[in-house]
Amino acid sequence: MEIRVKCGCGEDECSEWTIVELQGVVETQSSFQGSVQSLEIGRLCHSDSSQYTFTVGYHELTGSKVTLKKPLLVLKKLQKCTDGSSQKETELEVVGIIRSKILFKTRPKPLFSGTSGK
């Protein structure tokens, strides 16, 4: 089977994507019933010294940008009907390219302490 990969954006015009890599698991609360597709889980900030901070609730993670050894493509699968037949042809469209990731490899630090000063 032949699968064609097409890129309509041109070599220098593909949108640049970045992976955010976390250690551990990000879970929603048990009371959450909606879709996680558009769920805002935190705030990602960038400082001038190529350091990143990711704040999730009352926890803050510190990370840095790392270049990938090999770039990755972000693809979209398209199904097209061929002329006069019921067979579908599969085609992959390039949506973006990933050349780097933001790596958070340390444990999160709490932003406040829950103990009182008594």
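This text follows the structure it describes.
Keep in mind it's a predicted model, so treat the numbers as computed, not measured.

## Concerning the pairing of strand β3 (residues 43-46)
Part 1 of the reasoning: When β3 meets strand β4 (residues 51-56), the two strands line up antiparallel, connected through 4 bridges. Counted as the bridge partner of Leu44 is Phe54 from β4.
Part 2 of the reasoning: What sits between the antiparallel neighbours β3 and β4 is a turn of 4 residues, in which Ser50 has the positive phi angle 60°.

## Notes on the pairing of strand β6 (residues 88-104)
Part 1 of the reasoning: Counted residue by residue, β6 has 12 buried out of 17 residues, so it is predominantly covered.
Part 2 of the reasoning: Two strands pair when backbone bridges link them, and strand β2 (residues 15-22) and β6 are joined in this way by 8 bridges, in the parallel orientation. In the sheet register, Val20 faces β6, and the bridge partner there is Ile102.
Part 3 of the reasoning: Sheet analysis places strand β5 (residues 59-81) next to β6, joined by 14 bridges and oriented antiparallel. Its bridge partner lying in β6, Lys76 is registered against Glu93.

## So, the nonpolar core
As a rule of thumb, nonpolar side chains are buried together in soluble globular proteins.
Part 1 of the reasoning: In terms of nonpolar packing, the biggest core is built from 5 residues, these being Tyr52, Phe54, Leu61, Ile102 and Phe104.
Part 2 of the reasoning: Secondary-structure elements contributing two or more residues to this core are β4 and β6.
Part 3 of the reasoning: Setting aside residues up to four positions removed in sequence, Tyr52 forms contacts with Leu44, Cys45, His46, Leu61, Thr62, Gly63, Ser64, Lys65, Ile102 and Phe104.

## Digging into the pattern of salt bridges
Part 1 of the reasoning: Counted by the stated rule, this structure contains 3 salt bridges.
Part 2 of the reasoning: The closest approach of N and O atoms between Glu16 and Arg99, which form a salt bridge, is 2.7 Å. Here Glu16 is found in strand β2, whereas its partner Arg99 is found in strand β6, with 83 residues between them in sequence.
Part 3 of the reasoning: Its relative accessible area of 44% is what places Glu16 among the partly exposed residues.
Part 4 of the reasoning: Relative accessible area serves as the criterion here: at 40%, Arg99 is assigned to the partly exposed category.
Part 5 of the reasoning: Lys101 is the partner of Glu21 in a salt bridge, and the nearest nitrogen-oxygen pair spans 2.8 Å. Residue Glu21 is located in strand β2, and its partner Lys101 is located in strand β6; the two are separated by 80 residues in the primary sequence.
Part 6 of the reasoning: Take Lys101: its relative accessible area is 19%, and that puts it in the buried class.

Conventions we followed
Residues numbered from 1 in each chain as written. Predicted model: local features only at pLDDT ≥ 70, side-chain atom pairs only at ≥ 80, totals over all residues. Heavy atoms only, no water. Pairing = 2+ DSSP bridges. Helix = DSSP H or I, 4+ residues; strand = E, 2+ residues; numbered from the N terminus. Buried < 20%, exposed > 50% of the residue type's maximum accessible area, 1.4 Å probe, protein only. Core = buried A, V, L, I, M, F, W, Y, C linked by side-chain atoms within 4.5 Å. Contact = heavy atoms within 4.5 Å. Salt bridge = Lys/Arg side-chain N within 4 Å of Asp/Glu carboxyl O.

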